[in-house]
Amino acid sequence: MTDERWVWGVGLATTAEDGTVLDTWFPSPAAGRIPLGYDPQMPPDELDRLAVADERRAVTAEVVAIETDLDAAPTSTPDAYLRLHALSHLLVRPNEVNLDGIFAHLPNVAWTNAGPIHPDALTRLRPLLAREGIQVQGLDKFPRLLDYVTPPGVRIADASRVRLGAYLSPGTTVMHEGFVNFNAGTLGQSMVEGRISQGVVVGDGSDIGGGASIMGTLSGGGTHKVSVGARTLLGANAGIGISLGDDCIVEAGLYVTAGTKVVLADEPRRADGTLPTAKGADLSGSDGLLFRRNSLTGAVEAVRRAGVGVTLNDALHA
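Every chain is numbered on its own, with residues counted from 1 as its sequence reads. A pLDDT threshold of at least 70 governs which residues receive local features in this predicted model, and a stricter bar of 80 or more applies before side-chain atom pairs are shown or counted, although totals over entire chains, interfaces and linings include all residues. Hydrogens are left out, water is left out, and the side-chain values use all remaining heavy atoms of the structure.

The name given to the protein in an unreviewed UniProt entry is 2,3,4,5-tetrahydropyridine-2,6-dicarboxylate N-succinyltransferase, with the source organism recorded as Microbacterium trichothecenolyticum. UniProt positions are given in the numbering used here, feature names are shortened, and annotations may be inferred rather than shown by experiment. In its Subcellular location (unreviewed entry) section, the UniProt entry covering the protein states "Cytoplasm". What UniProt states about the protein under its Catalytic activity (unreviewed entry) heading is, verbatim, "(S)-2,3,4,5-tetrahydrodipicolinate + succinyl-CoA + H2O = (S)-2-succinylamino-6-oxoheptanedioate + CoA".

(A) Representation of the overall build of the protein within the structure. Helix numbering and strand numbering both begin at the N terminus, where a helix is a DSSP run of H or I of at least 4 residues and a strand a DSSP run of E of at least 2. Along its length, the protein carries four helices and 26 strands. For the protein, the spread of C-alpha atoms along the principal axes amounts to about 75 × 50 × 40 Å. Per-residue burial for the protein yields a buried fraction of 48% across its 318 residues. Considering only contacts in the protein between residues 6 or more positions apart, those separated by 24 or more positions represent 49%. A residue counts as positive if it is Lys or Arg and as negative if it is Asp or Glu; His and the chain ends are not included. Here the site of a charge means atom NZ of a Lys, CZ of an Arg, CG of an Asp or CD of a Glu. Each charge class in the protein can be summarised by its mean position, and for the 26 positive and 37 negative side chains these summaries are 8 Å apart. Each residue gets one of three labels from its accessible area relative to the maximum for its type: buried under 20%, exposed over 50%, partly exposed in between, using a 1.4 Å probe on protein chains only. In this analysis, two residues are considered to be in contact whenever any of their non-hydrogen atoms come within 4.5 Å of each other.

(B) Molecular detail of the UniProt feature "binding site: Mg(2+)" (unreviewed entry) in the protein. UniProt records the feature "binding site: Mg(2+)" (unreviewed entry) for Glu177 in the present numbering. For glutamate 177, the contacting residues outside a window of four places in its chain are Arg161, Glu193 and Gly194.

(C) Structural context of unusual backbone geometry. Even without glycine at this site, alanine 58 takes up a positive phi of about 55°. One can find alanine 58 in the loop between α1 (45–50) and β4 (59–69). With a phi close to 55°, asparagine 183 is a non-glycine residue in the positive phi region. By the element assignment, asparagine 183 lies in the loop between β11 (179–180) and β12 (184–186). On the basis of relative accessibility, which here comes to 2%, the residue asparagine 183 falls in the buried class.

(D) Representation of the environment of glycine 133 within the structure. When you line up the elements, glycine 133 lands in the loop between α3 (119–131) and β7 (136–140). Taking relative accessible area as the criterion, glycine 133 reaches 44% and is therefore assigned partly exposed. For the pair glycine 133 and glutamate 96, spaced 37 residues apart in sequence, the C-alpha to C-alpha distance is 40 Å.

(E) Quick look at the nonpolar core. What is meant by a nonpolar core is a set of buried Ala, Val, Leu, Ile, Met, Phe, Trp, Tyr and Cys residues, joined one to another through side-chain atoms within 4.5 Å. Leu168, Ile214 and Phe291 are the most contacted members of the largest nonpolar core, which totals 60 residues. Breaking this core down by element, the ones donating at least two residues are β1 (6–16), β4, α2 (77–88), β5 (109–112), β9 (166–168), β23 (261–264), β25 (289–293) and β26 (300–304). Residue contributions to this core reach at least three from each of two domains, namely domain 1 (6–105) and domain 2 (145–316). Contacts of isoleucine 214, omitting those with residues within four sequence positions, involve Arg195, Ile196, Ser197, Val200, Val202, Ile208, Val226, Val228, Leu234 and Ile240. Ranked by size, the runner-up nonpolar core spans eight residues in total, among them Ala58, Ile117, Ala121 and Ile134. The split into domains, and so the bounds of each, comes from an automatic or database assignment of domains.

(F) View of the domain arrangement of the protein. Each assigned domain of the protein is listed here: domain 1 (6–105) and domain 2 (145–316). The centre of domain 1, based on its C-alpha atoms, is set 33 Å off from the matching centre of domain 2. Here's the idea: put two parts together, see how much 1.4 Å probe accessible area each one loses, and the total over both is what we call buried area. Taken together, both faces of the contact between domain 1 and domain 2 bury some 1,500 Å²; the carbon and sulfur share is 66%. Basic side-chain nitrogens of Lys or Arg form a salt bridge, by our definition, when they fall within 4 Å of a carboxyl oxygen of Asp or Glu. Our enumeration of links across domain 1 and domain 2 arrives at zero salt bridges. Pairs of N or O atoms are called polar contacts if they sit within 3.5 Å, as long as, within protein, a hydrogen donor faces a hydrogen acceptor (for residues adjacent in sequence, only side-chain-to-side-chain pairs). Our count for the domain 1 to domain 2 interface comes out at seven residue pairs in polar contact (both at pLDDT 80 or more). Elements with a minimum of two residues in the side of domain 1 that touches domain 2: β2 (21–25) and α2. The biggest single contributor to the side of domain 1 that touches domain 2 is α2, with five residues. Residues that form the side of domain 1 that touches domain 2 fall into these classes: nine nonpolar, five polar and two charged. Polar here means any residue other than Ala, Val, Leu, Ile, Met, Phe, Trp, Tyr, Cys and Pro, which are nonpolar, and Asp, Glu, Lys and Arg, which are charged; Gly is therefore polar.

(G) Representation of α3 in the model. With 13 residues, α3 ought to run about 18 Å at 1.5 Å a step, and its terminal C-alpha atoms sit 18 Å apart, in line with that. Fitting axes to the seven residues that end at a residue and to the seven that start at it, the angle between those axes gives the bend at that residue. Largest kink in α3: about 70°, centred on leucine 125, with the proline proline 127 one to four residues after it. All of the buried residues along α3 are Ala121, Leu122, Leu125 and Leu129. In this structure, the buried residues of α3 make contact with β5, β6 (115–117) and β7. Looking one or two places after α3, you find glycine 133, whose phi comes out positive at around 75°. Expected helix span is given by 1.5 Å per residue-to-residue step, counting one fewer step than there are residues.

(H) Summary view of the packing of aromatic side chains. Pairing of aromatic rings covers Phe, Tyr and Trp, the last through its six-membered ring, and needs centres within 6.5 Å; plane angles under 30 degrees mean stacked, over 60 mean edge-to-face, and all others mean tilted. By the definition in use, this model includes five aromatic pairs. Seen in terms of ring centroids, phenylalanine 103 and phenylalanine 142 are 5.9 Å apart; in terms of plane orientation they differ by 75°. Their pairing is edge-to-face. Of this pair, phenylalanine 103 sits in the loop between α2 and β5 while phenylalanine 142 sits in the loop between β7 and β8 (155–156); the two residues are 39 residues apart in sequence, bridging distant segments of the chain. Geometrically, the ring pair formed by phenylalanine 142 and phenylalanine 182 is stacked, given 4.4 Å between the ring centres and 20° between the ring planes. With phenylalanine 142 in the loop between β7 and β8 and phenylalanine 182 in the loop between β11 and β12, this residue pair connects regions lying 40 residues apart in the sequence.

Written as structure tokens, this is what we have:
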């Protein structure tokens, strides 16, 4: 096993009264193994000063130093958080890190503007929290990306719409209704106004239109992890369950899945005068296609197209 498939970090772990590790923040994770000669008992001064108890939330914090084999499954809550940080710090791309069983190592947490709280303590602590101006922002296994990582060169209009573990390349804009799950994201400049599900990657220069949806694999529906190529446009309120290649367009409001019957509108007609058809899965990953719905027949059609699929506004993504 080479060091290239390891990451390490010094972090701050938050622990509840019952011993549950609620989260771990790694300010500067790095590729490789823990350096020779590094003494984990001597943490950086800034983390050491933060390793204190917070009676308002009934939690304590301690410094941890760990290294993680990216090819092995997660083994603990700090290990799971280091993998999510590695993704959001762009140390590893989506689908290139083993996340098998990660949900078992991520406890459900009450996320507040002062940090995590154990859900069982929330009701008891609520009067104190209200007096201190501490508000609950969510109850979930995953926190918001921006509470842990500030991705360089990225715009995120609503912090609650992007989870820790999202991979956002510089030049990406996530608008208010855009959503990016963990282990998913953008490989270059992209406009995100729709949903990027777990495992999905979007290529450079692509646009996920308002209300658009890209199918993931977390809730069933197959094992194919969808990808979107470069300079591709997924129109407003459209959706895909297949991959798109470079320079493709899916018409607004059209949903194309693996089983969708697609008419190949610019192919030669068959002997009976009808146009050939294909399943959506047969076209998955193809470059230079326009998917549209025939306004007269209602049939889903695919036609070949030339040129660039979409050109982003450079001023928005600088």
